[in-house]
Amino acid sequence: MLTIWISLIIVPMILGLWAQARVKGAFGKWSRVAASSGITGAQAAREILTAAQISDVEVLEINDMLGDHYDPTRKRLCLSTGVYDSASVAALGIAAHECGHAIQHAKSYAPLKWRAAVVPLTQFASQILPFVIMGGFLFHMMQLITVGILCYLVLTVFQLITLPVEFDASRRAKIILQQMGMVRAGEEAGGVNQVLNAAALTYVAALVAAVANLVYLLLIRNQSR
Ligand SMILES: [Zn+2]
């Protein structure tokens, strides 16, 4: 059982930490390299939105490192200070990626809608999960383990839908940055790829972890029968 625990719980956890470290590493490296276009993340975001004929999305600065996101309910594109004010290759990559989400929203990209639909259920599942797992193992209550299985099923579906949403936003970002001349082909475009591909890896790691946890709980439940 120890090998199963290591391979299904510890290995995915290490994979997740490694992916996060890669994001920080790629961002650290390319946030120090200025793009030759000289525009900041915020300017790039506004230009990209205008070019996509999106006029009702606000570009805001937030004080949360790597917390950049697009909020579809309030139509806000939130960029962290290191992206908003920076003219670096990393900043342009992230700003364009978030614009990718705003464009998905404007074009009613189906996976983005599915993702928004499962967000409330996913939040509920992640909130009750720690108590469900703790209670299930402490008191050997198999009903709680079954609830845990359902929670991980929800998380797996959510992470699965997240993949096309994130991959598509990055694909759009890479094309737009080159087409609009914000990033030069070669080294600069390579830097954008490194930052966005590292970010994509964290979503793959999250999916692997959700599936592994699901399988682990299924094994526990079957063993106790
Ligand atoms: Zn994204």
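Everything that follows concerns the structure shown earlier in this document.
Residues numbered from 1 in each chain as written. Predicted model: local features only at pLDDT ≥ 70, side-chain atom pairs only at ≥ 80, totals over all residues.

Let us now look at the overall build of the chain. Helix and strand counts for the chain come out as 7 helices and 3 strands. Moving toward the C terminus, one meets the helices and strands of the chain in the order α-α-β-β-β-α-α-α-α-α. Its C-alpha atoms put the chain at 65 × 35 × 25 Å along the principal axes. (Helix = DSSP H or I, 4+ residues; strand = E, 2+ residues; numbered from the N terminus.)

With that settled, consider helix 2 (residues 41–51). All of the buried residues in helix 2 are Gly-41, Ala-44, Ala-45, Ile-48 and Leu-49. Mapping the buried residues of helix 2 onto a view down its axis gives an arc of 130°, with all of them on the same face. Check the buried side of helix 2 and you find it contacts strand 1 (58–62), strand 3 (76–80), helix 3 (81–84), helix 4 (89–106) and helix 6 (142–179). (Buried ≥ 20, exposed ≤ 12 C-beta atoms within 10 Å, placed from the backbone. Arc of directions from axis to C-beta. Contact = placed C-beta atoms within 7 Å.)

The next point concerns the sheet that holds strand 1. Judged by pairing direction, the sheet is mixed, and its 3 strands sit side by side in the order 1-3-2 without closing on themselves. Taken across any chain shown, the strands that pair with only one partner, and hence form the sheet edges, are strand 1 and strand 2 (69–71). This sheet shows a mean twist of 25° between the axes of neighbouring strands, independent of strand direction. Where strand 2 meets strand 3, 3 bridges bridge the pair, whose relative direction is antiparallel. In the strand pairing of strand 3, Tyr-70 is matched with Leu-77. Here helix 2 sits on the sheet in contact with strand 1 and strand 3, set at roughly 160° to strand 3. Sitting on the sheet, helix 4 is in contact with strand 2 and strand 3, with an inclination near 165° to strand 3. (Pairing = 2+ DSSP bridges. Axes fitted to C-alpha atoms, helices over the stretch in contact; angles between N-to-C directions.)

In this section: the nonpolar core. Within the largest apolar cluster, 51 residues are counted, with the highest numbers of intra-cluster contacts made by Ala-45, Leu-92, Ala-95, Ala-96, Cys-99 and Val-195. Among the secondary structure elements, those contributing two or more residues to this core are helix 1 (2–30), helix 2, strand 3, helix 3, helix 4, helix 5 (110–138), helix 6 and helix 7 (187–223). Per-element tally for this core: the top contributor is helix 7, with 11 residues. Not counting residues up to four positions away in its chain, the partners in contact with Ala-45 are Val-59, Leu-77, Leu-79, Ala-95, Glu-98 and Cys-99. (Core = buried A, V, L, I, M, F, W, Y, C linked by C-beta atoms within 7 Å.)

Looking now at the environment of Gly-148. Tracing the backbone shows Gly-148 in helix 6. Leave out the neighbours within four places in its chain, and Gly-148 touches Leu-129, Val-132, Ile-133, Gly-136 and Leu-217.

The next subject is the pairing of strand 3. For a regular strand, side-chain orientation follows a simple rule: the groups alternate between the two sheet faces. As judged from the 5 bridges shared by strand 1 and strand 3, these two strands associate in the parallel manner. The residue of strand 3 that forms the bridge with Val-59 is Leu-77. Linking strand 2 to strand 3, which pair antiparallel, is a turn of 4 residues; within it Lys-75 sits at a positive phi near 50°.

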